[in-house]
Amino acid sequence: MARKGLLSTGMSKALAGDAPQSAHPKSSSPNVRRFRETFDDLRSQSIQEVETDRIGKSRYADRFDASADIAGLATSIREAGQQIPVLLRATPSGDPEFEPIYGRRRIAACRELGIPVRALIGTLDDEEAIIAQGLENNERLETSFIEKAVFVQQLRATGLRPMTIDEMLGIPRPEISRMAAVLRDVPDDLIDAIGPAHGIGRRQWVQMADLCSRAETRERKAAIRAAQGVGPSAERFAAALSALRTKPSGSSSPAPQPIAEGRATMVTRGKSLQIAVTSAKDRAFLDWIEAQGEDLFQRWEREGSVRTSEKT
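Remember, predicted model here, so these are calculated numbers, not experimental data.

1. Observations regarding unusual backbone geometry
Then step 1. Cis rather than trans, the peptide bond between Asp95 and Pro96 has omega equal to -5°.
Then step 2. Counting through the fold element by element, Pro96 comes out in the loop between strand E2 (86-90) and strand E3 (98-102).
Then step 3. For Ala197, which is not glycine, the phi dihedral falls at a positive 50°.
Then step 4. Position of Ala197 relative to the elements: it lies in the loop between helix H9 (188-194) and helix H10 (202-214).
Then step 5. When its relative accessible area of 0% is taken as the criterion, Ala197 is described as buried.

2. With respect to the pattern of salt bridges
Then step 1. Going through the model one piece at a time under the given rule, you end up with eight salt bridges.
Then step 2. A salt bridge links Arg283 to Asp287, with the shortest nitrogen-to-oxygen separation between them at 2.7 Å. On the criterion of helical spacing, the pair formed by Arg283 and Asp287 is a turn pair, its members being four residues apart in helix H13 (residues 283-291).
Then step 3. With a relative accessible area of 42%, Arg283 lands in the partly exposed category.
Then step 4. Members of the salt-bridge network, linked through shared partners, are Glu175, Arg178 and Arg202.

3. Observations regarding the packing of aromatic side chains
Then step 1. All chains considered together, the criterion is met by three aromatic pairs.
Then step 2. Ring centres 4.8 Å apart and planes at 65° place the aromatic pair Trp205 and Phe237 in the edge-to-face group. Placement of Trp205 in helix H10 and of Phe237 in helix H12 (residues 233-245) is noted, with a sequence separation of 32 residues between them. For the pair formed by Trp205 and Phe237, the shared burial category is buried.
Then step 3. Look at Phe285 and Trp288: their rings are 6.5 Å apart centre to centre, the planes differ by 15°, and that puts the pair in the stacked class. Separated by three residues within a single helix, Phe285 and Trp288 lie in helix H13, roughly one turn from each other.
Then step 4. On the basis of relative accessible area, Trp288 is assigned to the partly exposed category, the value being 45%.

4. With respect to the confidence of the model for the protein
Then step 1. Scored by pLDDT, the protein comes out at a mean of 77, with 74% of its residues at no less than 70.
Then step 2. Scored below 50 in pLDDT, residues 1-27 shows 55 contacts in the model against residues more than four places distant or in partner chains.
Then step 3. Confidence drops under pLDDT 50 across residues 306-312; counting only partners more than four residues distant or on other chains, this segment forms one contact.

5. Digging into the pairing of E3
Then step 1. E3 sits mainly inside the fold: five of its five residues count as buried.
Then step 2. Note: E2 against E3, four bridges, orientation antiparallel. Of the residues in E3, the one forming a bridge with Ala90 is Phe98.

6. Brief notes about the packing of H10 against H12
Then step 1. Axis separation between H10 and H12 bottoms out at 10 Å; the angle between their running directions is 35°. Here H10 runs over H12; the crossing is left-handed. On H12, the residues touching Gln204, Trp205, Gln207, Met208, Leu211 and Cys212 of H10 are Phe237, Ala240, Leu241, Leu244 and Arg245.
Then step 2. Looking at the contact of H10 with H12 residue by residue, the class counts come to eight nonpolar, two polar and one charged.

7. Re the environment of Arg111
Then step 1. Structurally, Arg111 is set in helix H4 (residues 104-113).
Then step 2. Accessibility expressed as a relative area gives 41% for Arg111, which makes it partly exposed.
Then step 3. Residues Arg111 and Glu51, spaced 60 residues apart in sequence, show a C-alpha to C-alpha distance of 8.3 Å.
Then step 4. Leave out the neighbours within four places in its chain, and Arg111 touches Thr52 and Ile55.

8. Quick look at the sheet that holds E3
Then step 1. Pairing in this open sheet of four strands is mixed, and the strands run E1-E4-E2-E3 from one edge to the other. Each end of this open sheet is capped by a strand with a single partner; those strands are strand E1 (48-50) and E3. When the angles between neighbouring strand axes are averaged without regard to direction, this sheet yields 50°.
Then step 2. The strands touched by H4 are E2, E3 and strand E4 (117-121); relative to E3, the strand with the most contacts, the crossing angle is about 125°.

9. Considerations on the environment of Lys148
Then step 1. Position of Lys148 among the secondary structure elements: in helix H6 (residues 145-157).
Then step 2. Residue classification places Lys148 among the partly exposed residues on the basis of a relative accessible area of 24%.
Then step 3. With 31 residues separating them along the chain, Lys148 and Met179 place their C-alpha atoms 8.4 Å apart.

The rules behind each value
Residues numbered from 1 in each chain as written. Predicted model: local features only at pLDDT ≥ 70, side-chain atom pairs only at ≥ 80, totals over all residues. Heavy atoms only, no water. Helix = DSSP H or I, 4+ residues; strand = E, 2+ residues; numbered from the N terminus. Buried < 20%, exposed > 50% of the residue type's maximum accessible area, 1.4 Å probe, protein only. Salt bridge = Lys/Arg side-chain N within 4 Å of Asp/Glu carboxyl O. Phe/Tyr/Trp six-rings, centres within 6.5 Å; stacked < 30°, edge-to-face > 60°. pLDDT = per-residue confidence, 0-100. Contact = heavy atoms within 4.5 Å. Pairing = 2+ DSSP bridges. Axes fitted to C-alpha atoms, helices over the stretch in contact; angles between N-to-C directions. Left-handed = near helix turned anticlockwise from the far one by under 90°. Nonpolar A, V, L, I, M, F, W, Y, C, P; charged D, E, K, R; others polar.

Take a look at the structure:
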């Protein structure tokens, strides 16, 4: 991403007494504008040193494992010090005392070094904390597509509008929709088995989502097993994708089931149902099925509810 993250840039300049530079000088989101005013106040506070055992976990994970691959960061902090502070807020329970808003890798590196972390401590509500975390992510070019997708899903679950997420992360709304589609079709267990998959972009994840949506349960399980059998995350992705493309031994495509005395056929594959007519003169039947889709689904739900109540 070419543009600089608002908060990381702003905090670096705060140490020199300059105003933060914004990639969106005139934000259209009132939520983001309101947070920037809050952050201007926060900048005036002194940086504190906080022992890492006083800091708990983030409520929203913007990367799968913040402690992974931090050797280089730890070395940099040991040799040159922590240049950019993290942002914390007090927890309601006080145990642990603080919750990180952003800077989880810096906290993990300081924890590994056994030194306090340099931090700003703000009084932020949930929405401000989410916006702060999202804005700061603009700086982190190493965050992978699937990590961003999972983080966006968490943000959407809080009720944040796509426009606000766009303002925070610089991700266009159509891309947010594509991320949601990937997470809908790729099972959570498979994403967990693959991990962050740095270097694997949207197009490859969309391809995997398409294969998952048409795969049988055993085929998806085979992909999970394949991902668990190799090392680096990108290789796990490749192994899972290959497994989805390869039918398990002994499996075959289901045969079409004839209906209406052979004038049409149906075949179920995974979560899809394909209906075909055997003669062009019956093509209107497919149009009728398409037009009746909503009514058929509601009828199925009504009849399903009746069957359920009869069983109970």
